[in-house]
Structure formats: structure tokens, C-alpha cells
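Structural characterization, general
So you can see what is in the structure, the chains are spelled out below.
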Number of protein chains: 2
Amino acid sequence: MNGLKILRDEIDKLDQDMVEIFEKRIEKVLKIAEYKAENNEPILNENREKEVILKNISRLKNKEYSNYVEELFNTILSISKKIQDKQLNTDTDS
Amino acid sequence: MNGLKILRDEIDKLDQDMVEIFEKRIEKVLKIAEYKAENNEPILNENREKEVILKNISRLKNKEYSNYVEELFNTILSISKKIQDKQLNTDTDS
């Protein structure tokens, strides 16, 4: 098997773990949306978002990747807001 | 501890795992960039990108999250191309 195939198989395994974690994260976000609805808390919490990004940058071994982690978590946070919006609108529709 | 704090702590743990996996993925991408440089292979491989997205959507338990996984991996693939570009330009500069 050539080097590229081996590396891609290793990436596929990492991606599989990432999807599993991401799916769990979505389910936690749905629970947070429920909690916020029950407690009249706003979806958007910019302080929490900044905290999530800084905390995850700090977890990097190689700080050269900081911009990449920031970009990744900006996407994750944006997806989380979509999920919470969708959940709240579904609740108010039903 | 209130419900929101508990859920956020659980998300923080998931994020920690995600950063660890993402960092490992970046290192694999750097090795792929080296391999491609040595073997004159192009960075962009649209078939591989489509395969990565479809493969990861197929791993979801809940297919309602397909758009979110697609968005996540579009970001990851975009970051991977930036990493490979940077590596190749650094090689050619040195």
C-alpha cells in the first residue's frame, strides 16, 4: 500500500472519531437549547463563544495551529447557533 | 452546579478530544503534503474531498445532522488545503 493510502486511512480513522464526538456535541447543544428555552436565556452568548475558542487554542501542543483551531471552532459555534435556532423555532411552531 | 454548567463542562471535554484529534489530523496532512511534493501530486483532489464528506455523513447515527457534518468537513478540508499550500510554499522558499 503506498504512503498516501496509509496516511489517508489514518485520517479516515481520525475523522470517524471526530464525527462521533461532533454528534455527541450536537446532542449536548440541543439539551442546552432546551435549558435556555425553559429558563428564558438567550441563544447568543458572545463571552461563552470567546471562552470556547481561547480554551481550545490553549489546548494545542503546537500553537502554530491556533488560526486553524479558531476557524474550526468558529464553524462549530456557528453550527451550534443554527441547531439552537432550529430547535427553538420548532418548539414555538408546535 | 446548574444544568447549563454541567452541559458546558461536558461540551468542554468533547472539545478537548476534538482538538487532540484535529491536531493529529493536521500532522497527517503535513505528511501528505510532503508525499505529494516528492511525488509531484497536486494538492487539490476533488474526488478525495467528495469521498471524505460522503464517508463522514454515512458515519452519522442521526442523518438529520448531515448538513452540519458537511459544513464541518468543508471547513476541515479548506484548512487542510491552506496547510498544504503553506508547507509547499515554505519548501520552495527555503
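Residues numbered from 1 in each chain as written. Chains lettered and ligands numbered in written order. Predicted model: local features only at pLDDT ≥ 70, side-chain atom pairs only at ≥ 80, totals over all residues. Heavy atoms only, no water.

With that settled, the discussion passes to the layout of surface pockets. If a probe as big as a water molecule is rolled over the atoms, it shows which places are left empty. Residues and elements named next belong to chain B. Roughly 180 Å³ of volume is contained in the largest pocket. For the lining of the largest pocket, the leading source of residues is helix α3 (residues 66–93), giving four residues. When grouped by side-chain class, the residues that make up the lining of the largest pocket number four nonpolar, three polar and two charged. (1 Å grid on protein atoms, 1.4 Å probe; cavity = no way out; pocket = protein on both sides within 12 Å on 5 of 7 lines; lining within 4 Å. Points joined across faces, edges and corners; volume = space filled by probe spheres on them. Helix = DSSP H or I, 4+ residues; strand = E, 2+ residues; numbered from the N terminus. Nonpolar A, V, L, I, M, F, W, Y, C, P; charged D, E, K, R; others polar.)

UniProt feature "coiled-coil region" (unreviewed entry): in the numbering of this structure it lies at residues 4–63 of chain A. Secondary structure across residues 4–63 of chain A comprises 80% helix and 0% strand; the distance between its end C-alpha atoms is 26 Å. (UniProt positions renumbered as here; feature names shortened; annotations may be inferred.)

Relative to the elements of secondary structure, B:Lys36 occurs in helix α1 (residues 3–38). B:Glu41 provides the closest opposite charge to the buried, unpaired B:Lys36, separated from it by 6.4 Å. Among residues more than four places away in sequence, those in contact with B:Lys36 are A:Arg8, B:Glu41, B:Pro42, B:Ile43 and B:Gln84. (Buried < 20%, exposed > 50% of the residue type's maximum accessible area, 1.4 Å probe, protein only. Lys, Arg positive; Asp, Glu negative; His and termini not counted. Salt bridge = Lys/Arg side-chain N within 4 Å of Asp/Glu carboxyl O. Contact = heavy atoms within 4.5 Å.)

Right, let's get into the packing of helix α1 (residues 3–38) of chain A against α1(B). α1(B) packs onto α1(A) with a crossing angle of 160° between their chain directions and a minimal axis gap of 9 Å. In this view, α1(A) runs roughly antiparallel relative to α1(B), as classed from their interaxial angle. By crossing handedness, the relation of α1(A) to α1(B) is classed as left-handed. Grouping the amino acids of the contact of α1(A) with α1(B) by side-chain chemistry returns 20 nonpolar, two polar and 18 charged. (Axes fitted to C-alpha atoms, helices over the stretch in contact; angles between N-to-C directions. Parallel < 35°, antiparallel > 145°, perpendicular 65-115°, else oblique. Left-handed = near helix turned anticlockwise from the far one by under 90°.)

What follows covers the relation of the copies chain B and chain A. The relation between the two copies of this chain is a rotation about an axis and a shift parallel to it. When chain B is fitted onto chain A, the two copies agree to an RMSD of 0.0 Å after a turn of 180° and an axial shift of 0.0 Å. With respect to symmetry, the two chain copies, as superposed, fit the operation of a two-fold axis. If distances are taken from each C-alpha of chain B to the rotation axis, the shortest is found for B:Met18, at 3.1 Å. A symmetric contact is evident, with 100% of the interface residues of chain B recurring at the interface of chain A. (Least-squares fit on C-alpha atoms with pLDDT ≥ 70 in both.)

Below, the discussion takes up helix α2 (residues 46–58) of chain B. Every α-helix winds through 3.6 residues per turn, so residues three or four apart in the chain are directed the same way. Over its 13 residues, α2(B) extends 18 Å from the first C-alpha to the last, a length consistent with the 18 Å expected when each residue adds 1.5 Å. Of the residues making up α2(B), those classed as buried are B:Arg48, B:Glu49, B:Val52, B:Ile53, B:Asn56 and B:Ile57. (Expected span 1.5 Å × (residues − 1).)

With that out of the way, let us pick up the packing of aromatic side chains. Residues and elements named next belong to chain A. Taken as a whole and judged by the stated rule, the model has two aromatic pairs over all chains. On the numbers, 6.4 Å between centres and 35° between planes, the contact of tyrosine 65 with tyrosine 68 is tilted. With respect to burial, tyrosine 65 and tyrosine 68 carry one shared label: buried. (Phe/Tyr/Trp six-rings, centres within 6.5 Å; stacked < 30°, edge-to-face > 60°.)

As a further point, take the interface of chain B and chain A. Interface size is often expressed as the accessible area that is lost when the parts come together. With 52 residues of chain B at the interface, the matching set in chain A holds 52 residues. Buried area between chain B and chain A, summed over both chains or domains, comes out near 5,300 Å², and the portion from carbon and sulfur atoms is 67%. When the area that chain B buries against chain A is broken down by residue, the three leading residues are B:Arg8, B:Met18 and B:Tyr68, summing to 13%. Here A:Lys55 makes a salt bridge to B:Asp12, at a shortest N to O gap of 2.6 Å. The tally of links between chain B and chain A comes to 19 residue pairs in polar contact (both at pLDDT 80 or more). (Buried area = accessible area lost by both parts, 1.4 Å probe. Polar contact = N/O pair within 3.5 Å; in protein donor to acceptor, adjacent residues only side chain to side chain.)

We now examine unusual backbone geometry. Backbone geometry places A:Asn40, a non-glycine residue, at a positive phi of 50°. By the element assignment, A:Asn40 lies in the loop between α1 and α2 (46–58).

This brings us to the pattern of salt bridges. Overall, the coordinates contain 22 salt bridges over all chains when judged by the stated rule. Here A:Lys28 makes a salt bridge to B:Glu10, at a shortest N to O gap of 2.8 Å. With one member in each of two chains, A:Lys28 in helix α1 and B:Glu10 in helix α1 form a pair that bridges those chains. A:Glu71 is the partner of B:Lys82 in a salt bridge, and the nearest nitrogen-oxygen pair spans 2.7 Å. Of this pair, B:Lys82 sits in helix α3 while A:Glu71 sits in helix α3 (residues 66–93), on two different chains. Salt bridges sharing common partners tie together A:Asp12, B:Arg48, B:Glu51 and B:Lys55.

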